[in-house]
Amino acid sequence: MRTAFIDTLIDNVLSGKGITRKDALELESLTREELDYLFEGTNRIRDHFKGNAVKICSIVNAKSGRCPEDCGFCAQSSKFETESPEYGLMDVDQIVANAKKAEAFGSNEFSIVVSGTAMTDPKEMATLKEALRRIKAETRLETCCSLGLMSKEHLQELKDAGLDRVHHNLETARSHFENIVSTHTYEDEVTAVRNAQEVGLPVCVGGIFGMGETFAQRVELAFDIEGLKTQSFPINFLKPLEGTAMEGMEVLDEYDALRTIALLRLVMPEMDLFVCGGREEVFTNHQEKLFAAGANGILGGDYLTTKGQDPKRDMEMIERLGLQPVLETEGARP
Ligand code: SF4
């Protein structure tokens, strides 16, 4: 077993030296036994930089389906025939009610997600701004929106209404992107992230793993996102949905998923790493392991187009591990 290699990796990250791209690529060859040893180290890194708090974020799919883009994993693309629900933007009361439900089960962040290339319609913008104002006035939640390829001007308007952060995934590595999406480019995604940063909004930027990318491409995405200096990283594992371009793919092996979380913790030791889509499918009854691998957050409640597990079960799991769900908004973010 390569304990010396792993010990040096962990020491380098804990001492602030970080991990080289070459060492990150080496993680691919670790055996299960070696990975279990690695997770003892990544658990220490998580504990050192993030303490025992587990952050829980929730989303509402406030507008679903009919999207002109062709992201191969997404049931909401109009290019695919799927069972995904289709509806226009919820009204203000519906969005606020969902936020209150998320707060009641312990979320400290609430993200409003809409389908589509970008939100530009003035009526929809007005609804969203009013919903943000009310969530800020009526709950203690931090607000987040995932609205696609947004302009700086629109993001500034939303920030003025109470938006605290933006979520925008890069989806996959630059070198794999055109295999997944053809209607826009990786550079468009990066521009959306930079637009949010330029108006002073922290950005939550992650991707989806298990879409046929190599481990080297996961390393590529990890270092690219590290370079963008973002605040948090949603880790999704592909759920191959019927009717999408990815319906024939297999769910990622549990240890490969854990290896990916560990890679991200080593490359971005101070990042908030949230495990989101695919958690139940990949880890089934072994979800505890994702915290040892390095995650310090989860998405609670339902996903965009599929059901999540009972939030009470999440709370029990977190407490059983001696970790603390973060219930307070104040001080929850750097
Ligand atoms: S991921 Fe977003 S942009 Fe891509 S098809 Fe789905 S809703 Fe549209």
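These numbers were taken from a predicted model, which means no experiment stands behind them.

Considering the site of the ligand
Okay, step 1: Cys67, Glu69, Cys71, Phe73, Cys74, Ser77, Ser115 and Gly116 make up every residue found near the ligand.
Okay, step 2: The residue inventory of the shell around the ligand, partitioned by class, reads four nonpolar, three polar and one charged.

Notes on the packing of aromatic side chains
Okay, step 1: Enumeration over the complete set of coordinates arrives at five aromatic pairs.
Okay, step 2: Their ring planes at 75° and their centres at 5.9 Å tell us that phenylalanine 177 and tyrosine 186 sit as a pair that is edge-to-face. As far as burial versus exposure is concerned, phenylalanine 177 and tyrosine 186 are alike and both buried.
Okay, step 3: A centroid spacing of 6.3 Å and a plane angle of 45° characterise the contact between phenylalanine 209 and phenylalanine 237, whose relative ring orientation is tilted. Here the residue phenylalanine 209 occupies a position in strand E6 (residues 207-209), and phenylalanine 237 occupies one in strand E7 (residues 232-237), the gap between them amounting to 28 residues.
Okay, step 4: Chaining the aromatic ring pairs together yields one cluster made of Phe209, Phe233, Phe237 and Phe283.

Looking at the pattern of salt bridges
Okay, step 1: Going through the model one piece at a time under the given rule, you end up with 22 salt bridges.
Okay, step 2: When the shortest N-O distance is used, the salt bridge between aspartate 164 and lysine 136 registers 2.6 Å. Here lysine 136 lies in helix H5 (residues 122-138) and aspartate 164 lies in the loop between helix H6 (152-161) and strand E4 (165-167), a separation of 28 residues in the sequence.
Okay, step 3: With a relative accessible area of 25%, aspartate 164 lands in the partly exposed category.
Okay, step 4: Within the structure, one salt-bridge network assembled from shared partners comprises Asp93, Lys100, Arg134 and Glu138.

Topic: the pairing of E7
Okay, step 1: Burial of E7 is extensive: six of the six residues sit out of reach of the surface.
Okay, step 2: Here E7 shows a buried face lined by Ser232, Pro234 and Asn236 and a second buried face lined by Phe233, Ile235 and Phe237.
Okay, step 3: In terms of strand pairing, E6 meets E7 through three bridges, oriented parallel. Looking at the pairing, isoleucine 208 lines up with asparagine 236 of E7.
Okay, step 4: With helix H9 (residues 215-228) bridging E6 and the parallel E7, this β-α-β connection has right-handed handedness.
Okay, step 5: Pairing of E7 with strand E8 (residues 272-275) involves four bridges; the strand directions are parallel. Paired with proline 234 across the bridge in E8 is phenylalanine 274.
Okay, step 6: Once the chain exits E7 it traverses helix H10 (residues 254-267) before rejoining the sheet at E8, and the crossover so formed is right-handed.

Regarding the pairing of strand E2 (residues 109-114)
Okay, step 1: Most of E2 sits out of view: six of its six residues are buried.
Okay, step 2: Residue alternation in E2 divides its side chains into two sets, Glu109, Ser111 and Val113 and Phe110, Ile112 and Val114, and both sets are buried.
Okay, step 3: Of the pairings in the sheet, the one linking strand E1 (residues 53-63) to E2 comprises six bridges and is parallel in character. Considered in E2, the bridge of valine 60 is made with isoleucine 112.

Some points on the UniProt feature "binding site: [2Fe-2S] cluster" (unreviewed entry) in the protein
Okay, step 1: Taken from the UniProt record, the annotation "binding site: [2Fe-2S] cluster" (unreviewed entry) applies to Ser111, Cys144 and Cys204. For this annotated set, covering 94 residues, all C-alpha atoms fall within 10.6 Å of each other, a compact arrangement in space.
Okay, step 2: Among the secondary structure elements, serine 111 is positioned in strand E2.
Okay, step 3: In contact with serine 111, other than residues within four places in its own chain, are Ser58, Ile59, Val60, Cys144, Cys145 and Ser146.
Okay, step 4: Of note, cysteine 204 is situated in strand E5 (residues 203-204).

Focus: the packing of helix H3 (residues 32-50) against H10
Any two packed helices are characterised by how steeply their axes cross, that is the angle between the axes, and by the distance between the axes.
Okay, step 1: Viewed as axis vectors pointing N to C, H3 and H10 meet at an angle of 40°, and their least axial separation amounts to 10 Å. As the angle between them shows, H3 and H10 are arranged oblique. Considering only the axes of H3 and H10, their crossing is left-handed. Counted together, Arg32, Leu35, Asp36, Leu38, Phe39, Thr42, Ile45, Arg46 and Lys50 of H3 and Tyr255, Leu258, Arg259, Ala262, Arg265 and Leu266 of H10 form the full contact between these two elements.
Okay, step 2: When the residues that make up the contact of H3 with H10 are grouped by side-chain class, the tally is eight nonpolar, one polar and six charged.

Points about the nonpolar core
Okay, step 1: Leu38, Ile112 and Phe237 are the most contacted members of the largest nonpolar core, which totals 96 residues.
Okay, step 2: Top contributing element to this core by residue count: H10, with nine residues.

Reading the values: the criteria
Residues numbered from 1 in each chain as written. Predicted model: local features only at pLDDT ≥ 70, side-chain atom pairs only at ≥ 80, totals over all residues. Heavy atoms only, no water. Near = heavy atom within 4 Å. Nonpolar A, V, L, I, M, F, W, Y, C, P; charged D, E, K, R; others polar. Phe/Tyr/Trp six-rings, centres within 6.5 Å; stacked < 30°, edge-to-face > 60°. Buried < 20%, exposed > 50% of the residue type's maximum accessible area, 1.4 Å probe, protein only. Helix = DSSP H or I, 4+ residues; strand = E, 2+ residues; numbered from the N terminus. Salt bridge = Lys/Arg side-chain N within 4 Å of Asp/Glu carboxyl O. Pairing = 2+ DSSP bridges. Right-handed = clockwise from strand over helix to strand, strands pointing away. UniProt positions renumbered as here; feature names shortened; annotations may be inferred. Contact = heavy atoms within 4.5 Å. Axes fitted to C-alpha atoms, helices over the stretch in contact; angles between N-to-C directions. Parallel < 35°, antiparallel > 145°, perpendicular 65-115°, else oblique. Left-handed = near helix turned anticlockwise from the far one by under 90°. Core = buried A, V, L, I, M, F, W, Y, C linked by side-chain atoms within 4.5 Å.

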